[in-house]
Amino acid sequence: MSTLVGYASLACVAAGLLAGLIALATTRDGRLALRVALDLWLAAGLLRLALPPSLDQLLSAAAIIAVRQLVGLGLSPGQGTPSTGD
């Protein structure tokens, strides 16, 4: 069972790379491509939590979630750019 979960997690990582590259190639939007890749990498981290728990797996999933949230906040369009009002 753990081998199957490991391969599924690896497949999510590879799918994240591929989907991110496809999103970047088709939309030319790096923010969208990064979000797509991070979503699949988050799935990989959550799959690893199905294995017998260890602190490394928990910290890995928490780090991916934190990065995903920070990227989502930092790269959202229109956020943090003041308007000129002209």
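Because the structure is predicted, anything quoted here is derived from the model rather than measured.

### Comments concerning helix 3 (residues 55–74)
The first and last C-alpha atoms of helix 3 sit 28 Å apart over 20 residues, in line with the 28 Å expected at 1.5 Å per residue. For helix 3, the set of buried residues is Q57, A61, I64, R68, V71 and G72. End-on view of helix 3: buried residues confined to an arc of 100°, all on one side of the axis. Of the exposed residues in helix 3, those oriented more than 90 degrees away from the buried face are L55, D56, L59, L70, L73 and G74. Where the residues of helix 3 are buried, they touch helix 2 (30–48).

### Here we look at helix 1 (residues 2–27)
The end-to-end C-alpha distance of helix 1 is 37 Å, a good match for the 38 Å that 26 residues give at a rise of 1.5 Å each. Within the sequence span of helix 1, burial applies to V5, S9, C12, G16, G20 and A23. If you follow the buried residues of helix 1, they end up packed against helix 2. Of the residues one or two after helix 1, R28 is the one with positive phi, at around 60°.

### What to know about the pattern of salt bridges
For side chains bearing opposite charge, pairing can occur when the charged atoms are close. Counted according to the given criterion, the structure contains two salt bridges. A salt bridge links D29 to R31, with the shortest nitrogen-to-oxygen separation between them at 3.7 Å. Since its relative accessible area comes to 34%, R31 is described here as partly exposed.

### Section: the packing of helix 1 against helix 2
Contact pair helix 1 / helix 2: the axes reach a minimum separation of 8 Å and the direction vectors enclose 175°. Looking at the two axes, helix 1 sits roughly antiparallel to helix 2. The residue inventory of the contact of helix 1 with helix 2, partitioned by class, reads 18 nonpolar, five polar and one charged.

### Brief notes about unusual backbone geometry
One can expect most non-glycine residues to show negative phi and most peptide bonds to be in trans. Not every positive phi belongs to a glycine, and R28 is a case in point at roughly 60°. Note that R28 resides in the loop between helix 1 and helix 2. Assessed through its relative accessible area of 69%, R28 is described here as exposed.

### Points about the packing of helix 2 against helix 3
A pair of packed helices is captured by two measures, namely the crossing angle of their axes and the spacing between those axes. Axis separation between helix 2 and helix 3 bottoms out at 9 Å; the angle between their running directions is 160°. Of the possible angle classes, the one that applies to helix 2 and helix 3 is roughly antiparallel. With respect to the hand of their crossing, helix 2 and helix 3 are arranged in left-handed fashion. In this structure, helix 2 contributes L34, R35, L38, D39, W41, L42, G45 and R48 to the contact, and helix 3 contributes Q57, S60, A61, I64, I65, V67, R68, V71 and G72. Classifying every residue of the contact of helix 2 with helix 3 gives nine nonpolar, four polar and four charged.

Thresholds, definitions, all that
- All residue numbers here refer to positions counted from 1 along the written sequence of the relevant chain.
- Totals for whole chains, interfaces and linings use every residue, but because this is a predicted model, local features are given only for residues with pLDDT of at least 70 and side-chain atom pairs only at 80 or more, for both listing and counting.
- Excluded from the side-chain calculation are hydrogens and water; included are all heavy atoms of the structure.
- Think of it this way: any DSSP run of H or I at least four residues long counts as a helix, any run of E at least two long counts as a strand, and we number them from the N terminus.
- By definition here, a helix of n residues has an expected span of 1.5 Å times n minus one.
- Working definition: with a 1.4 Å probe on protein chains only, accessible area under 20% of the residue-type maximum means buried, over 50% means exposed, and in between means partly exposed.
- As used here, the arc belongs to the directions running from the helix axis to the C-beta atoms.
- Here, two residues are considered to be in contact whenever any of their heavy atoms come within 4.5 Å of each other.
- Definition used for salt bridges: Asp or Glu carboxyl oxygen within 4 Å of a side-chain nitrogen of Lys or Arg.
- Here, axes are lines fitted to C-alpha atoms. For helices the fit covers the stretch in contact, and angles between N-to-C directions go from 0 to 180 degrees.
- Each angle gets one of four labels, with under 35 degrees taken as roughly parallel, over 145 as roughly antiparallel, 65 to 115 as roughly perpendicular, and the rest as oblique.
- Any residue outside Ala, Val, Leu, Ile, Met, Phe, Trp, Tyr, Cys, Pro, Asp, Glu, Lys and Arg is labelled polar, Gly included; the first ten of those are nonpolar and the last four are charged.
- Crossing handedness is read from the near helix: turned anticlockwise from the far helix by less than a right angle, it gives a left-handed crossing, and turned clockwise, a right-handed one.

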